[in-house]
Every structure is written in structure tokens, then in C-alpha cells.
Amino acid sequence: CLMCFTTYCQYSHNVFSIINSVQITEKNAEPEKTLLTYLRRNLGLTGTKLGCAEGGCGACTVMVSKYHPHQNRIIHYAVNACLAPLCSLHHCAVTTVEGIGSMASKLHPVQERIAKAHGSQCGFCTPGIVMSMYALLRNNPQPSMHDVQEAFQGNLCRCTGYRPILEGYRSFTKVTTDNGCCMTNEHTQDSTLPAQKLYDQSEFMPLDPTQEIIFPPELMVKQPQRELRFAGERVLWIQPCSLEELLELKATYPNAKLVVGNTEVGIEMKFKNLFYPVILAPAYIPELNIIQNTQDGIQVGASVTLTVLGDVLRAAVKKLPAHQTEVFKAVLEQLRWFAGQQIRNVAAVGGNIMTASPISDLNPVFMAASCKLTVMSKGTTFIFPVQGSKVVAFHDLIQNTEYFSAFKQSPRKEDDIAIVTCGMNVFFKEQSNIVQSIRISYGGMAPVTVLATATCNRLLNRQWNEELLEEACTSLAEEMSLSPSAPGGMVTYRRTLTISLFYKFFLNVQHKLSLDLLKEGVTVEDVRPEYATATELFQLDSPSSVQLYQAVPPGYSDDVVGQPIMHLSALKQATGEAIYCDDIPCYENELHLALVTSTKAHALIKSIDTSDAMAVPGVVAFISAKDIPGSNMTGPVVYDETVFADDKVTCVGHIVGAIVADTQAHAQRAAKAVKISYEELQPVIVTIQDAIANKSFFQPVRSIERGDVAQGFKDSDHILHGEMHIGGQEQFYLETNCTLAVPRGEDGEMELFVSTQSASKTQALVAKALGVSANRVVCRVKRMGGGFGGKESRSTILSTVVAVAAHTVKRPVRCMLDRDEDMLVTGGRHPFFGHYKVGYMNNGRVMALEVTLYSNAGNSLDLSLSVSRALFHMDNSYNIPNIRATGYVCKTNLPSNSAFRGFGGPQGMMIAESWMSDVALSCGLPAEEVRRMNMYKEGDFTPFSQRLDNFTIDRCWEECMQLSDFNKRKDAVEQYNRQHRWTKRGLSIIPTKFGISFTAVFLNQAGALVLVYSDGSVLLTHGGTEMGQGLHTKMVQVASKTLGIPCSKIHITETSTNTVPNTSPTAASASSDLNGMAIYNACQTLLQRLQPYKDKNPKGCWEDWVRIIINFIMFYRTPDLGYDFETNSGRPFNYFSYGVAVSEVEIDCLTGSHKNLHTSIVMDVGKSLNPALDIGQVEGGFMQGLGLFTLEELRYSPDGYLYTRGPGMYKIPAFGDIPIELKVSLLRDAPNEKAIFSSKAVGEPPLFLAASVFYAIKDAITAARAESNLTGPFRLDSPATPERIRNACEDKFTKLVCSNFHC
Ligand SMILES: Cc1cc2nc3c(=O)[nH]c(=O)nc-3n(C[C@H](O)[C@H](O)[C@H](O)COP(=O)(O)OP(=O)(O)OC[C@H]3O[C@@H](n4cnc5c(N)ncnc54)[C@H](O)[C@@H]3O)c2cc1C
Ligand code: FES
Ligand code: FES
């Protein structure tokens, strides 16, 4: 204690709060402890999840309720428990997902509806989403759809594609059918089947707000009435109750940190290794919470939260004349895109100003509006204009004939930090368009918010017209310069944005001014109609959707296969009762592990100094290579990597060692204190281009060839060359990698609880490291919070480290990686680079193709040779008679890249679509015609000599054209583009053909164990793991149909290596096929054995027959698989899945933002085992593809340091990214004889359909370029980020920046 220097301070107050109606008095509350850790570790309330620890995913959302003394009312608001310090919750009530309902008692409608609407797949995000919705309903029992969308700005889901969540919760809104229809299985023209819903909304429990938990009366206190102090191990937290006290304390502790929302300081302490021993919490000081109108404008206290500020300004906008609220509207516009609701609910105005972030969203507005700050210290007060300095309050002044705009440009619209943000304010001389004063401020262009003073001065006394615009743009191009190596990169784009955003402001003002002056009899030029959309603000439209599937025909209603059964764990997931790896209660003697990783990409380890680390309280051991009893060499296919780096590191994030300590906080603190000295080695190979330059490739280099390529080029009318780069992608499963290793103390036995797709691989590699045989290691997997390939092989490294630690200390050891560690250590989807040469005819028919693909594998081989899937998909769906493709796997100094949904297939197909698009643009033909003309037909052969039987793409294509109303849509797009200069629309139709099977042949096998108990219940176990895809649900359906018993009699408890051994990873979309067949075989054999008992007792029932217990384990192996690259013969795939998508987008040519207006998908999933789950996979896969192709960017420094290590920097699609109109149809009457009950694999194939969005964007850019007379092919790399879109839409503004910047 910093006050009395004891371990537990006698002067420390207790934190008193009420959590889920239970009074909690926490003595010795630790100021460094977050509410999340407290809930999970101290109270065992594990429903609230940890997804990122930085306020970016919403998995930790809970509701806080408190009495607001200034407003004299109780307020309820959603917060991120991962950032909320426990000490900030004194006298608050906290409601977690467990507090609102449970399976054991009664579900809350919010829990029930997300589950029944199929809005929970892996379920890791579900409690957070449930709590965001719950908090919204507590404040507004009948919200609008817009309110619902706003409430979810701070929540992420990686599985569902969001649509089912929104549809389920639409049922709470005022107009439940306000836009589109919910989950309707409509008739298609040729269908005679009855309509059937994916769920029945009439079964939903009603919402009864009167039944909600009441606010505890004992918390109806005005707080604080006295100063509070909470003293912890290292930090003293003081909550003063008056401004005077605060100033006094600040004088006593000059280095004390003020904390209100902790949304900045929390991040600094957790991720930037900053430490503040004294914290002053002024959240409740009355003077700092005031919002009052003064003669000068409105005065806002520094502790006022952004939500409260928004509410007050919205009320003022409603009440006051429009011209008086220009600034308010600009602040509101910035707040609309400021973080998520959970952050805005706690983050304060003062915190934003004082962080003085270069990309603060509010500072540019305050600066442009000439707001004044009041700054105080003991005995002194200053008031001065906002210039990014100290503050306790801000004022603003609104004048007549003043125009104000604020803009924020970020990679993702919702909950993202700005690339460039700005405030612009102009004041005109009376009854004129002559500028009297103007202030333009930018964030994102310098280390602090800056005013464009020179430009503003040059515009004074000028008329607001084209000449002024030209002058302003030229001046801004000069003044807002950045060095080519400016931190944050995107230099050309940022500079272009400063001008483009000013242009938007110019048009805005021109329009408003012309209307205002007209009222006064003065006429000035208005904005040209075709420019009007450039002045419109980005709106989040309410989404609508349609889902179509083939209902089980009448008479077959007892057949569970084909029914849209809810994910069997969905309700548990929605209540927080579903147990994930880190939710397993702690063992009494359990220890926590934190990784020590390399900070160099390529270096020799000279020394490791653990002395500081070992001095951290609670530390038990430092574990490294020397502690491994078996082999340090590991790897899923070849053993070419180490568990712990011994003498050399080959990437930043290479695991060097691990600290084991009593708590996670201690382990992590100690891990940071380990000092490693390195001798750096050259070369450091980061990019594919580096690898090509250094000829750094893994062997073998593979190729596929068919026809006579040279002759094909000779026969072609034209030849074109092109290139494309496709960025990597982080799996971003919401649950990071986690392992709990428990040494059993006998015979070298070790039990592992792991979040992995590969139980058997984990078992094998742990046994190898421990030097024991596999029969001593058991690996158990209950469920994962998402996997997507990322937990197929990379999870084994962490499991091995944890197992070695547990073996060494002889105690249970647990480690759940933090998001930043997970992103750093585990690698993701391979970035690809392709160059191609295409020979084609005048009509667009492609005659010859030569393509070379390079993938960035990282520092070990891992599964990268299987990325040859890219070669198998380099034709996508097109029949190219003469083709040669070569694939290189680049060895680089990045963490090993690994499996991720599609595994190279999407990248191969993406490059195919790039040359297809180039051919269409070169021929000047509609892309859809060229694609259709080149498409395969039934019975054609692929370049790898596999015949295409039951080829359904033609049907998918025709149905998708119809579903999307393609031709009409295309006419409308063309018309729109003729009428609008600065926004353009684009349309694209893209097919996919995806081969199903592991390309490593031996993996195409599975096992199942069916245990029948004497009460008739069945325990089913199979080799697949559940990661949200609904595999267990489908497998129960398969067993139910085969055995002829209801699903309710069948249970799956977990996947484990001591029930079904030697299983393949749950991957390659093949798990339903493989495990389904194994279950089917097991059940069939069981039925055969049962037959004599049935014959003996034909009138008996299942329970009578199974008295004699017969249990079965069966294996299944896909027959006739195997491909030889040498001879180009054999079958790599069991069959193909097909699909087609049409997407329409709108781009903002000035900023590069885009909106997904429409997507129609027709997907062939064979005879669906479960249409609800299959549609979930289609939509979820599509949204992941949308992230891959339009949004997600991993950024590395030239020396291999990953910048994007969490949701703050790395943006996966959010709720607002779903297509405004989404139609998904499962192809009817397309049974597939090659898989269980005629179904087809669905996990990976739909991901690529999001390429339709990318090529729709390219189509829109083509239209924008045409305005500058640019035609023909152009390169657009993936993802199509706002930066790439803007840079490709070349115009007078981009030219201005380039001429000024010599680009
Ligand atoms: C997920 C996430 C998303 C975010 N998104 C955005 C965004 O879109 N736009 C954006 O601009 N920012 C964003 N931020 C940054 C941050 O939320 C804001 O800057 C917020 O306003 C900080 O407020 P706070 O009360 O939480 O600050 P705290 O973390 O409590 O404090 C921040 C700083 O302000 C100082 N401070 C606080 N109050 C006072 C006072 N009264 N007097 C003097 N100093 C004081 C503190 O000492 C500290 O240095 C985001 C943060 C997160 C975690
Ligand atoms: S864990 Fe709190 S927001 Fe992600
Ligand atoms: S269900 Fe949302 S992250 Fe898995």
C-alpha cells in the first residue's frame, strides 16, 4: 500500500456493489483489476467473455446501473467489463448475462430470440451481444431498428454474418417488418413446395419490462459523499468528491493520472506497458459533470460522458433554430462514428481532449469551432482556445451565417479510428458569399490536431466559388504535406483526403448558402445536381433479407435431416452457461502462464536475463527449451519448428520462453520483464517481394499444366499481362487460443483441455515434447469460440508450451492468450501475389493462361504446401484450354501462416477473376458475358484432369441472375452513374467452384463412437470438433435419422482422444461428410446387431431393444482420392461445391468509402442436412470473405513487426457492413451422392462469393475513372480498402496531390 506500506491497507475503503442482485463488498479492491477479471476469476461468472481486452469486440459487455444524482434518475448503460476498473463501480449495480436468465430458471427473451433466430454459432460473442441488447431495452423497450444497429456498434461476431442477430432482434422493434421480410422461405417460381420458416417468431416469449430486476434501493445514494481510497499492490486509486479536493490531490500527487472512462489509460497500462501508481478518479465531481447554457454557448464539464453529451446536443438540435446548432450537429456526426456504445457510455469529453491524440475525433471540431478550455490547478484557472492542451471544460459560440461540417474517414465506418478527421467552419459577411472568417482543422496529418492556417488566411475576403475552391485545394496540397515515411503510412491517400473532404465542405456550404441567400434576395450558384450526393452524410440503412431453402416435403416432417434445427448449444451460449476452455473453474493449485516472445524477426539469442521477472510477486518459474523432456522440434506435417526458440529466432513473436505465476497479471508482468539480448541477422524477409528477391522458397515448387500454352498464345487475338496482391487475414476467432494442462501425477499422464480443431495432433505433439507415448496424453475439446482454420495446427504450439510448463512445475497450468499475443504468435491466411499472362479472342474467349502464384508461408512450413489448393482453384469456374500454373511457397520471417477457411482456394480464384475482369475491360465487353462464355459445362475436365459431374453452376448462375434481378439492376446502376459524379455504383456476378476433401489424402478419414445406455439414451462421439459451425447438431441429426430415434435421446459431450483416436482436424469443410459417414456406418452396424432383438420383440420400443448394450466405434475413409502433381492424374477432390453471387455497391469517389447495397447468393449445398446451419455458414463465410476482400489489412513494419494486433487496428466486418439487402438461396433439387444423406460441404465454399463485392467495387471505380477518360484494365489489389478505392478513382484532386508530391 502506498499509504501505509502494508500488503492490505487499513485505510483502504471497500468497494460495494451489487452484481446480479447479490451484494458484493470487496475489501482490498485492486485498482489494476478490471471488472471482467473480477467477474470471471473472483465470482466465477464466466458468461462474460474476454475477446480483446481493449474495448473493441464487445464480448465482455455487461450492464451497469447507477443512480445519477445530477439527473435524479437511475441510468442503465452497457460497458466493456474489460476496461472498467473494479474500483470505478463503487455503489453501482452490475448485471451480467447470468443475471437476466438461464436454462435452469427462465430464459430472458433477449437470450431466447438470438438463439432461436440462429444468431449464435460459436456463441463466444453471444453474451456480449445479449447484454448490449438488454441494456438497450432497459432504456427503451421499443427501440427502432436504427437504435438496435447503434447499440451493436461496439460488438463483433466472426461467425454469423450478423444478419440473423439483427433479424431476431428486429422482433423487439417498433415495426418488426419495417424493411424486408424475416427469415422467410419464399417460393421460387418453379417451386411447388410449401413455404416454411427457419424459425417461428410466434413462439418467442413476450418482453415484459415490468419483470426486470429492480435497481437496488441501497444504491440510491449520492456519490461520493466523501473521498474514497482503494489501495492495491502497486496502485492507489482516489476518488475525490469535490473539485477542490481534486485540485488539492493533484497538487499533492503531481504525477497522478486522472481517469474517467479508462478507455485510454486502460489501454496504455495493458498494452503500452505504462504504469501510474496514483490514479485520481473525478467521475463524480459535480462541477465536472455540468452541462449548462451560458451567454457564450454551452459549457460542458470534462467528466461528461460522450453519451450524455450526445443526448444533450440532440435535444438542443431539436429545440434551437438550425443555424445555431451547426457545431452541435458536427459534434453529433463525429459521435455517431466514435467507438461503440459501450465506450461512449463511459468515455469523457475531457479524456478525449487530454489524450491529444492526432486522430481525436472531437479535437478538430472543437478547434474549428473556436471552443475555449478552462484549465485549473490548485489556485489558478486559465481559459484558452482548444489547441490540444489541458482541459476541464469546453464552451462554444455559435453565430449566424456560420456553416460547419465535420468529417471522419476511417477504414471501417463503425467503431474505427480515423485516418483523417476534420472540422471546418466558415463565417460569411452579411448577405454575401464573401468569407469573413474560416477555420479548417485536421486530425491525422501531424502528431497533434492542426489548423490549416495558411490556407484559411488565403481564403479570407474571397467569394465562395470555383476560384476559391481551386485556391483552397492548391493551398491545402502544399500546407497539409506529409513526408513519404510519415507514421501511419497512406501518405498519398491522407493528403488527397484533406482536399477531398474540403471539397465536400465546399459543396455543402455552397448548397446551404445559396438557399439562405436566396431567402434574402441574393442569388449565388447552387451545387450541380450530379454533385449533390457528395454532400450527403453516410447513413446506416436498415438491412433486409430473404432466405430460401427447400423445405422437407410434406409427409417427411418426422425426418430430422433437412429441418432447420437450432444449434444445440445456442440457448446455453445465449445464457452464458456454455463452457469454453477458459471457463473451466480453476484448480486449487493452478498456475497461469504468459509467453515470452521475440521482438526481432531474425536474430541469434545472445542471453536471457530473467532476474527482474523472477522478482515479480507470485512468479514460480521461467520455462524454456531446456525444460523440454522430449523433443523441442514440432510441426503439423514436418518437424521444422521449435516449441521454444533455442538459439535463434526467425520471426517477431517467436516463442522464446514462458513465465508461470500465481495469477495471469503476475505472469504477464513478469514476462514483460524478461530481458533478451540479440545479435541481429540478415536478411529479414517480410514480404513476398523480399522472398522472390532472396529466392527464399520452401520446396517443392508445384505446377499444373494442360494443353499447349505457347500455341494458345499464338492463336489468341490479344495478350495481356497483369498482377495482383491479396493481403493476408487474421482468423480473429472471438475466443483466442487457450489450453489448460493438468498433470495427472501418475505414469507421465497429462490431461489437456484445449480450444483446438485438432485434438489428435495436439495429443501427438504434446506427447513428442514430453517424451511420452500418445497413450499418456488425453486432449479434450468441449467447444471452441471459433476456429476458421486458425486452431488447426497453430494451437498445438501453445498447448505444447503449457503442457511442458505443467510437467515442469507439476501443477495445472492455464494460458488463454491475449488478443495481441494471439495475433502476434499464430499467423493467419497466406498473403498471395500472382502475375499472369492471358491470351484471348476479340469476343472475350480465353485461349491461354500462364499464372504464377506466390504465397507468404512465414517461418515454417506448417500446412503451407496444402495451400496448393490455390493451384487447384486458379481456374475458378472457367474452362481454359491451355493453361500453366506454378505455385511458390515463400519462406519469410513472419510467424508461420496457416489454415484459414478456403486455404488458398479463395486467393487462387481471386486472381482468376482479376484476369477475367482485365479481359472484359480490354474487350470493352460486359464482364458477366465474358465470365459466362468461359464457364465450364457439365462433363468438362479441370486442368488437373478431374471430370465435372453434376455441375450445377449454370443453374446457380441463372437463379442468381433472377434472384438479384440482374438486368434491371444493371440498367439502374448505369443510370445512376450517368446522374452522379462523385458517387458511383458497381455490379458484379461471380461464380465459385470449390473442391471438397483434404488435399493431404490421409486426412480424409473419420471415426465415431456410439454408446447406447440401458435407459435408451445415446452418447455420441466423433472425431470432429464444434467451433460454431453446428457440426455436433448435424451429427445428432444424422444419428437420429439413422437410428430412428428423436434427437433429444442423443447427446454429444465433447471430442476427446480417449474416445475416438487418430482423428483428422476439423477442417477443409469435410467434417460433416467424414464424421457423418462414420456415424452413419456405426449406427447402421448397431442397428444390424439390434435386429434380432427387434425381431424378437417387434412391438417393443427403442428402450426395450437396447437393454442389451451394444456400442460401436466405426471409421470411414473417403474412397478413390489422390492426385499426383508429376503425372497430373488422380482425383484431388471427392466432389465440388458450387455457388454464384451478385453484389451491388456504391462508392464515394472522394473518400473511397463504399456501401454494400445488395447481395444475392445461390449456393449448392446438395440436400441440406440443416438449412438454418447451412444458411448460417453461407452468410458467415460470405462476411468473412467480405472482410478479406474489402476491409482486413495486416500491417507490418519493414523489420517484420506486426502493427495490427487487435480490433482497434485490425478491422473485421461489423454489423454495419452487411449488405443492406441480402438474399440467400440454397439450390433446390441438387442431391449429392458423394456425401452423407446427399448433402454437400458448406464451410469454406461461400467465402469466395464475397469477391462479387470486390469486383462490384472495381466496376464502380471503372465508372469513376471513365469520368477522367481512363478506360481499360487497371490493377486493384485486395483488400479494396478506402485508400485503394480513392487512389484508383483518379481525378483532379488526386492529380493535385501527385503533382505536388511527385508520386
Ligand atoms: C475501443 C475504443 C475506441 C475508441 N474510439 C475512438 C474514436 O472513435 N475516436 C476518438 O477520438 N477516440 C476514440 N477512442 C479513444 C478514447 O476512448 C477517447 O479518447 C475517450 O474520450 C477517452 O476518455 P476517457 O474518459 O475514457 O479517458 P481516460 O482513459 O479516463 O483518460 C484519458 C486521458 O485524459 C486525461 N484526463 C481525463 N480526464 C481529465 C480531466 N478532467 N482533466 C485533465 N485530464 C484528464 C487522463 O489523465 C488521460 O491522460 C477509443 C478508445 C477505445 C478503447
Ligand atoms: S473483451 Fe472487452 S471489448 Fe473485447
Ligand atoms: S457466434 Fe459470434 S463470434 Fe462466433
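Residues numbered from 1 in each chain as written. Chains lettered and ligands numbered in written order. Predicted model: local features only at pLDDT ≥ 70, side-chain atom pairs only at ≥ 80, totals over all residues. Heavy atoms only, no water.

J.: Help me understand the site of ligand 1, please; the structure alone is not making it clear to me.
T.: Lining the immediate environment of ligand 1, one finds 30 residues, of which Leu258, Val260, Thr263, Glu264 and Asp361 sit closest. Backbone polar atom of Leu258 to an oxygen atom of ligand 1: 2.6 Å apart, as the coordinates give it. The contact in question runs from an oxygen atom of ligand 1 to an N or O atom on the backbone of Ala348, over 2.9 Å. Contact with the protein chains covers 91% of the free accessible surface of ligand 1, which is 990 Å². Only strand E8 (257-258) and helix H12 (349-355) provide two or more residues apiece to the shell around ligand 1. Residue contributions to the shell around ligand 1 peak at 4 residues, all from H12. Considered class by class, the residues forming the shell around ligand 1 number 15 nonpolar, 8 polar and 7 charged. (Near = heavy atom within 4 Å. Polar contact = N/O pair within 3.5 Å; in protein donor to acceptor, adjacent residues only side chain to side chain. Areas by Shrake-Rupley, 256 points an atom, 1.4 Å probe, with all protein chains shown as cover. Helix = DSSP H or I, 4+ residues; strand = E, 2+ residues; numbered from the N terminus. Nonpolar A, V, L, I, M, F, W, Y, C, P; charged D, E, K, R; others polar.)

J.: Looking at this model, I keep getting lost on the UniProt feature "active site" (unreviewed entry) in the chain. Mind explaining?
T.: According to UniProt, the "active site" (unreviewed entry) feature falls on Glu1244. With respect to the element layout, Glu1244 can be found in the loop between strand E47 (1221-1226) and helix H34 (1251-1267). Reaching out from Glu1244, the side chain makes a polar contact with the backbone nitrogen of Gly902 at a distance of 2.7 Å. (UniProt positions renumbered as here; feature names shortened; annotations may be inferred.)

J.: Could you clarify how one ought to interpret the packing of aromatic side chains in this entry?
T.: This structure, assessed with the given rule, holds 39 aromatic pairs. Aromatic side chains Phe428 and Trp464 sit 5.6 Å apart centroid to centroid with 90° between the ring planes, which places their arrangement in the edge-to-face category. With Phe428 in strand E16 (residues 420-428) and Trp464 in the loop between helix H14 (453-459) and helix H15 (466-479), the pair connects residues that are 36 residues apart, well separated along the chain. Residue Phe428 shares its accessibility class with Trp464, and that shared class is buried. Aromatic pair Phe944 and Phe1136: ring centres 6.4 Å apart, planes at 35°, arrangement tilted. Here the residue Phe944 occupies a position in the loop between helix H27 (927-934) and helix H28 (953-964), and Phe1136 occupies one in strand E45 (residues 1135-1148), the gap between them amounting to 192 residues. Considered together, Phe944 and Phe1136 belong to a single accessibility category, that of buried residues. Aromatic ring contacts, followed pair by pair, group Phe872, Tyr936, Phe944, Phe951, Tyr1123, Phe1125, Phe1133, Phe1136 and Tyr1138 into a single cluster. The ring of Tyr580 has Arg783 lying over it, and the distance from NZ or CZ to the ring centre is 5.6 Å. Over the ring of Phe1274 we find Lys1258, and its NZ or CZ is 5.2 Å from the ring centre. (Phe/Tyr/Trp six-rings, centres within 6.5 Å; stacked < 30°, edge-to-face > 60°. Buried < 20%, exposed > 50% of the residue type's maximum accessible area, 1.4 Å probe, protein only. Lys NZ or Arg CZ within 6 Å of the ring centre and 35° of its normal.)

J.: Which parts of the structure should I look at to understand the confidence of the model for the chain?
T.: Detailed reading of the predicted coordinates is not advisable wherever pLDDT falls low. Confidence in the prediction for the chain averages 92 pLDDT; 95% of positions are at 70 or higher. A low-confidence stretch, residues 388-392 stays under pLDDT 50, and its non-local contacts, those more than four residues away or across chains, total 24 contacts. In this model, residues 395-399 is a region of pLDDT below 50 whose contacts with residues beyond four sequence positions or in other chains number 19 contacts. (pLDDT = per-residue confidence, 0-100. Contact = heavy atoms within 4.5 Å.)

J.: Quick question: what am I supposed to make of the pairing of strand E12 (residues 372-377) here?
T.: The two faces of the sheet receive side chains in turn, since in a regular strand these alternate between them. Examined bridge by bridge, E12 and strand E13 (residues 380-385) share 6 bridges and lie antiparallel to one another. Of the residues in E13, the one forming a bridge with Leu373 is Phe384. Adjacent in sequence and paired antiparallel, E12 and E13 are bridged by 2 residues, among which Gly379 carries a positive phi angle near 90°. (Pairing = 2+ DSSP bridges.)

J.: In this structure, what is going on with a negative patch on the surface? I would like to understand it.
T.: There is a patch of like negative charges on the surface, built from Glu466, Glu467, Glu470, Glu525 and Asp526. Counting through the fold element by element, Glu525 comes out in the loop between helix H16 (491-519) and strand E19 (544-548). For Glu525, a relative accessible area of 57% corresponds to the exposed category. (Patch = residues over 30% accessible without salt bridge, like charges linked within 9 Å, V, L, I, M, F, W, Y side chains within 5 Å. Salt bridge = Lys/Arg side-chain N within 4 Å of Asp/Glu carboxyl O. Lys, Arg positive; Asp, Glu negative; His and termini not counted. Charge placed at Lys NZ, Arg CZ, Asp CG, Glu CD.)

J.: Would you mind going over the pattern of salt bridges with me for this structure?
T.: Side chains that carry opposite charge are capable of pairing whenever their charged atoms lie near each other. With the rule as written, the count across this model stands at 60 salt bridges. A salt bridge links Lys626 to Asp627, with the nearest nitrogen and oxygen atoms 3.4 Å apart. Residue class for Lys626 comes out exposed when judged on its relative accessible area of 64%. A relative accessible area of 19% means that Asp627 is categorised as buried. Through salt bridges with shared partners, a single network forms among Arg40, Arg41, Lys49, Asp582, Asp583, Glu590 and Arg814.

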